[in-house]
Amino acid sequence: MLVQRDVVRLVLHLPFDHVDLSAGVNRALDMYLSSVGQGPEILSEWCDVEGEDDLFPLDEQGWDFIRCELSLPQGERFLDDVRDERYVLRRLKKQFHRSVELSGGEGGLSGYGFFYWARLPWRTPQAHEVSLVSFSWPTEYMEARGPRKTREEIEQLAALLPYTSGHAGLAFYSSNVWGPVMKDIYEEALRYPGLDVTHGQRMLGTRVDGVHWLNFLGPEILKQVGGAEALRSRLHAPTTTVTFLEEERALVALGPEPEAGDVSQGDTLPAWRELARVLEPWLLPVPHYLSWRDCPPDTASRWWRRFLD
């Protein structure tokens, strides 16, 4: 039975609360749906990530929940403003927790997917915490439309949201909201370095979450690396391009299409490795909590640093 598959995934890290993101996330979801279409073979179920991780049918009632979850919050702006402690837990769930995942197809593995998790809105946000949004497409979608058209769709989605950083490329997709079971695929993950196995980092701050086919850099990170021109001058791989975007952003593309690589055949993705070395001071270090159960020791850290060591 198929338990995971490869997809093209866009992940954006957003240093804002849901009240600031609601309109943009709704526009991005609408754009995504208008492109991929709707139906059970595309998206058929939803999961409240903050709940019990149970799956529910994406019927009319399900869509009502999704739109309510993504709507602009009413009431207090910050969690700190809930004065009566008796109502904190109730308000926490109904007002402040905003998270959802959409999937579809048999076993939830159509390859299409939407994931959103907003950080809790404290007056002083938890250090380094960001909100996350991601969109997935089966690789067959890219093969049918072509990588150029797929890249255009990815860039259009990213332009709708105020990311501090983001990335797109090949990834393992699983019906498990927390990602694939690594004991089943760690050998493939190490062999094909261009395939991501995470679902984005919530405690990222202004660090960069690894190196991918498309690498979106927001204003603060771009400033830290010296700007688009300085970054371009340090990258020499013939397939790498650096594009300056609106609102002081930049996109580093490592070729015309995503690649998985294959270290067993000597394909270590040199353009990826070059960018990793240039961005190393700003890359997120191996998280102290990163551990892959039932895998050989240090497998997770080896994968994390696969473009640096």
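Residues numbered from 1 in each chain as written. Predicted model: local features only at pLDDT ≥ 70, side-chain atom pairs only at ≥ 80, totals over all residues. Heavy atoms only, no water.

- Per an unreviewed UniProt entry, the protein chain carries the name DUF3396 domain-containing protein and comes from Cystobacter ferrugineus.

**Section: the overall build of the protein chain**
- Regarding its fold elements, the protein chain presents 10 helices and 10 strands.
- For 309 residues, the compact-globule estimate of 2.2 N^0.38 gives 19 Å, and the C-alpha radius of gyration of the protein chain, at 19 Å, lies within 12% of that figure.
- Once the C-alpha set of the protein chain is aligned to its principal axes, its extents read approximately 60 × 45 × 40 Å.
- The 309 residues of the protein chain split such that 54% are buried.
- Counting contacts in the protein chain only where the partners sit at least 6 residues apart, residues at least 24 apart contribute 74% of the total.
- If you sum the accessible surface of the protein chain, you get close to 14,800 Å²; carbon and sulfur atoms cover 51% of it.
- Of the side chains in the protein chain, 32 bear a positive and 47 a negative charge, and the two mean positions are spaced by 5 Å. (Helix = DSSP H or I, 4+ residues; strand = E, 2+ residues; numbered from the N terminus. Rg over C-alpha atoms; globule rule 2.2 N^0.38 Å. Buried < 20%, exposed > 50% of the residue type's maximum accessible area, 1.4 Å probe, protein only. Contact = heavy atoms within 4.5 Å. Areas by Shrake-Rupley, 256 points an atom, 1.4 Å probe, with all protein chains shown as cover. Lys, Arg positive; Asp, Glu negative; His and termini not counted. Charge placed at Lys NZ, Arg CZ, Asp CG, Glu CD.)

**Examining the packing of aromatic side chains**
- What the rule picks out here adds up to 10 aromatic pairs.
- Seen in terms of ring centroids, W46 and F65 are 4.3 Å apart; in terms of plane orientation they differ by 20°. Their pairing is stacked. Here the residue W46 occupies a position in strand β2 (residues 45-47), and F65 occupies one in helix α2 (residues 60-69), the gap between them amounting to 19 residues.
- Take W46: its relative accessible area is 10%, and that puts it in the buried class.
- With a relative accessible area of 25%, F65 lands in the partly exposed category. (Phe/Tyr/Trp six-rings, centres within 6.5 Å; stacked < 30°, edge-to-face > 60°.)

**Describing the packing of helix α1 (residues 18-36) against helix α5 (residues 147-158)**
- With their axes 9 Å apart at the nearest point, α1 and α5 run at an angle of 160° to one another. Here α1 lies roughly antiparallel to α5, going by the angle between them. Note on packing geometry: the crossing formed by α1 with α5 is right-handed. In this structure, α1 uses A28, M31, Y32 and S35 to contact α5, whose residues at the interface are E153, Q156 and L157.
- Of the residues assigned to the contact of α1 with α5, the class counts are 4 nonpolar, 2 polar and 1 charged. (Axes fitted to C-alpha atoms, helices over the stretch in contact; angles between N-to-C directions. Parallel < 35°, antiparallel > 145°, perpendicular 65-115°, else oblique. Left-handed = near helix turned anticlockwise from the far one by under 90°. Nonpolar A, V, L, I, M, F, W, Y, C, P; charged D, E, K, R; others polar.)

**So, the state of the cysteines**
- In total, this model carries 0 disulfides according to the counting rule given.
- Free cysteine C47: the closest other cysteine sulfur is in C68, separated by 16 Å. (Disulfide = S-S within 2.5 Å.)

**A short note on the domain arrangement of the protein chain**
- For the protein chain, the assigned domains read domain 1 (13-160) and domain 2 (164-308).
- Look at where the C-alpha atoms of domain 1 and domain 2 centre, and you get two points 22 Å apart.
- Listed by partner, the interface residues are 31 residues for domain 1 and 30 residues for domain 2.
- Both faces combined, the contact of domain 1 with domain 2 buries some 2,500 Å², and carbon together with sulfur accounts for 62% of it.
- The three residues of domain 1 that bury the most area against domain 2 are H13, W117 and R151, which together make up 27% of that side's buried surface.
- Applying the counting rule to domain 1 against domain 2 returns 1 salt bridge.
- For the interface between domain 1 and domain 2, the tally reads 8 residue pairs in polar contact (both at pLDDT 80 or more).
- Sorting the residues of the side of domain 1 that touches domain 2 by element identifies β4 (99-103), β5 (113-117), β6 (131-138), α4 (139-145) and α5 as the ones contributing at least two each.
- Considering every element that reaches the side of domain 1 that touches domain 2, the biggest residue donor is α5, with 5 residues.
- A per-class count over the side of domain 1 that touches domain 2 returns 16 nonpolar, 10 polar and 5 charged. (Domains from an automatic or database assignment. Buried area = accessible area lost by both parts, 1.4 Å probe. Salt bridge = Lys/Arg side-chain N within 4 Å of Asp/Glu carboxyl O. Polar contact = N/O pair within 3.5 Å; in protein donor to acceptor, adjacent residues only side chain to side chain.)

**Here we look at the nonpolar core**
- Counting residues in hydrophobic clusters, the biggest one holds 81 residues, and the most contacted among them are Y32, L102, F114 and W137.
- Looking at this core element by element, the count peaks at 7 residues for α1.
- A domain-level breakdown of this core finds at least three residues from each of domain 1 (13-160) and domain 2 (164-308).
- Apart from the residues lying within four places of it in its own chain, the contact partners of F114 are V25, L29, L70, V100, E101, L102, V133, S134 and F135.
- Grouped together as the second largest cluster of nonpolar side chains are 5 residues, V11, V49, F115 and L132 included. (Core = buried A, V, L, I, M, F, W, Y, C linked by side-chain atoms within 4.5 Å.)

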